[in-house]
Amino acid sequence: MSNQPKATAIIADDEEPMRDMLRKRLHEAWPELEIVAEAANGIEAIALAGQHQPDIVFLDIRMPGLTGIEAARMLFNRCHIVFITAYDQYAIEAFEQGALDYLLKPVNLERLKTACERLQTRLGKTPNNIERQLSQLLQQSGRSPAAGAGAPQPEYLHWIQAQVGNSLRMISTKEVLFFRADEKYTRVQTAQGEFLIRKTLKELEDELDPNEFWRIHRSTLVRVDAIAEVTRDLRGRQMVRVRNSTEELEVSRGNTHLFQQM
């Protein structure tokens, strides 16, 4: 492995002993690999990835705050992903069928060497687009064992990432008051301020829980429980006012049914 190009990696696992063990075994399997940072949860992993720009991120699937799969959706086009998992067999089969790699807990050294060899062949190449597979895993991970072969519950977006200078800001969707289209960006409005992201309103509408966010206009998505009141202006238009904001949001004619009692 000494002839392989130098690579950097981040380990993300909420259990410190697991991080320690993986770091030591990675040193055995791939001595040249530099572990540049370690994270205890998915939010830290996203922030550290933005800071260090690693080639690889080893992600535990089940972490508090932001799961490994949710974090991977924000990282997969920037680095190569390897999941650390104690998942049931149905998830392992999903891994086997796609581009994702995984390590079962406790991590076996020989299996780790195989994963490292695969990673080395991928260095310098654009990471695989694994969005569809990640969406499948999110659906599977949301299915309780008792659900059996029933339809999985959809997994909605819980975090928004916004670039603020050289930093990456993680915004919980519970903080969001509304989204507004702003030329080639989308404005994310919170009580603390506003942020710009590159996701379109259509993408957000597809990824957010429709019971929590309503499309009230072609240019506006509003968080339902942030709505303070709905009024009519002198022109008869319905106008929404949200808490912690002085801005009024117009309701388009096609969406007035959302407020039928007005």
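As shown above, the structure is provided for reference.
Residues numbered from 1 in each chain as written. Predicted model: local features only at pLDDT ≥ 70, side-chain atom pairs only at ≥ 80, totals over all residues. Heavy atoms only, no water.

**Q** Explain helix α1 (residues 16–29) here, please?
**A** Since the α-helix advances by 3.6 residues per turn, residues separated by three or four positions end up pointing in the same direction. The terminal C-alpha atoms of α1 lie 20 Å apart, and with 14 residues this matches the ideal 20 Å at 1.5 Å per residue to within 8%. Considered for burial, the residues of α1 that qualify are Met18, Arg19, Leu22, Leu26 and Ala29. The arc that holds the buried residues of α1, viewed along the axis, is 95°, so those residues lie on one side. Across from the buried face of α1, at angles greater than 90 degrees, the exposed residues are Pro17, Lys24, His27 and Glu28. (Helix = DSSP H or I, 4+ residues; strand = E, 2+ residues; numbered from the N terminus. Expected span 1.5 Å × (residues − 1). Buried < 20%, exposed > 50% of the residue type's maximum accessible area, 1.4 Å probe, protein only. Arc of directions from axis to C-beta.)

**Q** Help me out: how do you make sense of helix α3 (residues 68–75) in this one?
**A** Where burial is concerned, most of α3 is hidden: seven out of the eight residues are buried. All buried positions along α3 are accounted for by Gly68, Ile69, Glu70, Ala71, Ala72, Met74 and Leu75.

**Q** Help me understand the sheet that holds strand β15 (residues 248–250) in this model?
**A** If you walk across this open sheet you meet the three strands as β13-β14-β15, and the pairing is antiparallel. Two strands bound the open sheet, and with one partner strand each, they are β13 (227–232) and β15. When strand polarity is set aside, the average angle formed by the axes of neighbouring strands in this sheet is 30°. (Pairing = 2+ DSSP bridges. Axes fitted to C-alpha atoms, helices over the stretch in contact; angles between N-to-C directions.)

**Q** What exactly am I supposed to notice about the sheet that holds strand β4 (residues 80–85) here?
**A** Two pairing modes exist for strands in a sheet, parallel and antiparallel, and in both the strands are linked by backbone hydrogen bonds. Strand order in the open sheet made by the five strands is β2-β1-β3-β4-β5, with parallel pairing throughout. Both edges of this open sheet fall to β2 (34–39) and β5 (101–104), since each of them pairs with a single strand only. Direction aside, neighbouring strands of the sheet carry axes that sit 20° apart on average. Bridging between β4 and β5 involves four bridges; their strand directions are parallel.

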